[in-house]
Amino acid sequence: MGRIVGIDLARCLALLGMITAHLVSSTGDGPGGVNTWFQITAGRSSALFAVLAGVSIVLVTRARPARSARDHRLALVVRALAIAVIGLFLGVLSSGLAVILTYYGVLFLVAVPVLTWSAGRLGILALAWGLASPIASLALRPHLPESTFDVPDPASFAHPLQLLSEVLVTGYYPVLTWATYLFAGMAIGRLDLRGTWARRRLFVTGAWVAVLALATARYATRSESVRASLLDTYARWEPVSNWADLEQVMRTGLYGTTPTGSWSWLWVWSPHSGSIVDLTHTVGTSMLVIGASLMVAEALRRHQRWLQVVAGAGTMTLTLYAAHVTVVAAGRADALAGPDIWVLDVRWHLVGVLVVGAGFALARQRGPLERLVSLLSEAAVRPPR
């Protein structure tokens, strides 16, 4: 089975979106005083990244039909551990970024029990998980240690319970709620992504789901009593004295979880909040982008090779993400560097990943970290000589 170029394009867009959310200023002249590009990419691009992880897990499995389910699961476990370890070492760097890879690796482990499920069963699981996990998170977090908002690194193992709590429930990308994205992606991966029906249905359904989620949030938070409840229970570091202040904070994002103390937090829209609305909206936007990317690839099927080059970054997102984090850390480590140092300019990062990705695509080469992870996972299931 050859590569599905539309999925590579969607993965490329997810990477570009995450880089943009990392490096553009959150303040600006957009709605609510928040930068427009930040509002477009924050939360949505990382969710797309996670949904595409689920898609990729299924596509890798389907590409090797002769391999047993046990071997597929073993290879996935090794792949998950390798990605998590890479994330831990990136966490050592003082990049100032919430590195996703350690959470991402643990998230892969959640796919192991449901690796062979059908699209229908995975879709039902994603829907149920998206509704239940935010409720479970809101109920559990008052009884767990507060998040340190530190990026996991090898030193985090000195406090294993804190690390486990943050990776699973209270951190930047808690596996408890983010499993929704993984299951949704696996359900998408089980569809016939080369067929017209699937890509159109993903686009239309995703658009409707995304819009309805935002409409639900607006309706649920228009009540003065609900707004008062949210204000009374907001206990983070930003000073908030009225609804306009809180709305601006929510446009910026909530760093992985909502505050606790009110069930109304389940219905707010805010990037990285893990609310029911957040999960629903970002699954919808992910479906929309994947469907649109597949349609673009189909429309340009006569120029498939050029599209592969343009979207080459989408075939090596692990390598390019790690390079992005490393470059940002190097730029911020320079004591003489001002805020306008070129290595922290979002435009250089966007151009850089596109150029490097195109170069590897032209050479028909895989990214070095992708190759390493593949070698490790293949070695785990390869019969001894």
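Refer to the structure printed above.
Calculation notes
Residues numbered from 1 in each chain as written. Predicted model: local features only at pLDDT ≥ 70, side-chain atom pairs only at ≥ 80, totals over all residues. Heavy atoms only, no water. Helix = DSSP H or I, 4+ residues; strand = E, 2+ residues; numbered from the N terminus. Rg over C-alpha atoms; globule rule 2.2 N^0.38 Å. Buried < 20%, exposed > 50% of the residue type's maximum accessible area, 1.4 Å probe, protein only. Contact = heavy atoms within 4.5 Å. Areas by Shrake-Rupley, 256 points an atom, 1.4 Å probe, with all protein chains shown as cover. Lys, Arg positive; Asp, Glu negative; His and termini not counted. Charge placed at Lys NZ, Arg CZ, Asp CG, Glu CD. Phe/Tyr/Trp six-rings, centres within 6.5 Å; stacked < 30°, edge-to-face > 60°. Core = buried A, V, L, I, M, F, W, Y, C linked by side-chain atoms within 4.5 Å. Expected span 1.5 Å × (residues − 1). Axes fitted to C-alpha atoms, helices over the stretch in contact; angles between N-to-C directions. Parallel < 35°, antiparallel > 145°, perpendicular 65-115°, else oblique. Left-handed = near helix turned anticlockwise from the far one by under 90°. Nonpolar A, V, L, I, M, F, W, Y, C, P; charged D, E, K, R; others polar. Salt bridge = Lys/Arg side-chain N within 4 Å of Asp/Glu carboxyl O. Patch = residues over 30% accessible without salt bridge, like charges linked within 9 Å, V, L, I, M, F, W, Y side chains within 5 Å.

Caption draft 1: Structural view of the overall build of the chain. A count of helical and extended segments in the chain gives 16 helices and zero strands. A compact globule built from 385 residues would reach a C-alpha radius of gyration of about 21 Å, and the chain, at 20 Å, matches this within 12%. Dimensions of the chain, computed from C-alpha atoms along their principal axes, come out at roughly 65 × 55 × 45 Å. Relative to its full complement of 385 residues, the chain shows a buried share of 52%. For the chain, long-range pairs separated by at least 24 residues make up 72% of all intrachain contacts whose partners lie at least 6 apart in sequence. Accessible area of the chain: about 18000 Å², with a carbon and sulfur share of 65%. With 31 positive and 20 negative side-chain charges, the chain shows a spacing of 16 Å between the two charge centroids.

Caption draft 2: The packing of aromatic side chains, seen in detail. Following the criterion strictly, the structure yields 13 aromatic pairs and no others. With a centroid separation of 4.9 Å and 80° between ring planes, the pair formed by W178 and Y181 is classed as edge-to-face. Of this pair, W178 and Y181 both sit in helix α8 (residues 175-189), separated by three residues, roughly a single helical turn. Taking the relative accessible area as the measure of exposure, Y181 reaches 2% and is therefore buried. Three or more aromatic residues link up through ring pairs in this structure, and these residues are Y103, F149, Y172, Y173, W178, Y181, W237 and Y255.

Caption draft 3: View of the nonpolar core. By size, the foremost hydrophobic cluster in this structure holds 83 residues, and its most contacted members are I7, L101 and I290. Of the residues forming this core, the biggest block, eleven residues, is contributed by helix α3 (residues 44-62). What I290 contacts, discounting residues up to four positions off in sequence, is I7, A10, L48, V51, L52, I188 and L202. Counting ten residues, the second-largest nonpolar core is a separate cluster that includes W243, L254, W265 and V268.

Caption draft 4: Structural context of unusual backbone geometry. Phi at Y255 takes a positive value of approximately 60°, unusual for a residue other than glycine. Within the secondary structure, Y255 is located in the loop between α11 (243-252) and α12 (276-299). Y255 gets classed as partly exposed once you look at its relative accessible area, which sits at 31%. With a phi close to 55°, R364 is a non-glycine residue in the positive phi region. With respect to the element layout, R364 can be found in the loop between α15 (346-362) and α16 (368-381). For R364, a relative accessible area of 63% translates into the label exposed.

Caption draft 5: Just the side chain of S270, in detail. Looking at where S270 falls in the secondary structure, it is placed in the loop between α11 and α12. Setting aside residues up to four positions removed in sequence, S270 forms contacts with M250, G253, L254 and D278.

Caption draft 6: Here's a closer look at helix α14 (residues 317-333). Spanning 17 residues, α14 covers 24 Å between terminal C-alpha atoms, matching the ideal 24 Å at 1.5 Å per step. Along α14, the residues that are buried comprise T317, L318, T319, L320, Y321, A322, H324, V325, V328, A329 and G331. If you follow the buried residues of α14, they end up packed against α1 (5-23), α3, α4 (69-92), α5 (101-110), α15 and α16.

Caption draft 7: The arrangement of the packing of α3 against α4 in detail. Across the interface, α3 lies against α4 with an axial gap of 11 Å and an inter-helix angle of 135°. By the criterion of interaxial angle, the relationship of α3 to α4 is oblique. Considering only the axes of α3 and α4, their crossing is right-handed. Contact residues: α3 offers S56, I57, V60 and T61, while α4 offers H72, L76 and R79. Its residues assigned to classes, the contact of α3 with α4 comprises three nonpolar, three polar and one charged.

Caption draft 8: Examining helix α6 (residues 119-140) more closely. Compared with the 32 Å implied by 1.5 Å per residue over 22 residues, the 30 Å span of α6 between its first and last C-alpha is a close match. What α6 keeps buried is the set L122, L125, A126, G130, S133, P134, S137 and L138. For α6, the elements touching its buried residues are α7 (160-170), α8 and α12.

Caption draft 9: How the structure looks around the pattern of salt bridges. For the structure shown, the criterion picks out eight salt bridges. Salt-bridge contacts for R11 lead to D8; the nearest nitrogen and oxygen are separated by 2.9 Å. Of this pair, R11 and D8 both sit in helix α1, three residues apart, roughly one helical turn. With respect to burial, R11 and D8 carry one shared label: buried.

Caption draft 10: Region of the structure containing a nonpolar patch on the surface. On the surface, F203, V204, W208 and L212 cluster together to form a nonpolar patch covering roughly 410 Å² of accessible area. Inspection of the secondary structure assignment puts F203 in helix α9 (residues 196-220). Taking relative accessible area as the criterion, F203 reaches 31% and is therefore assigned partly exposed.

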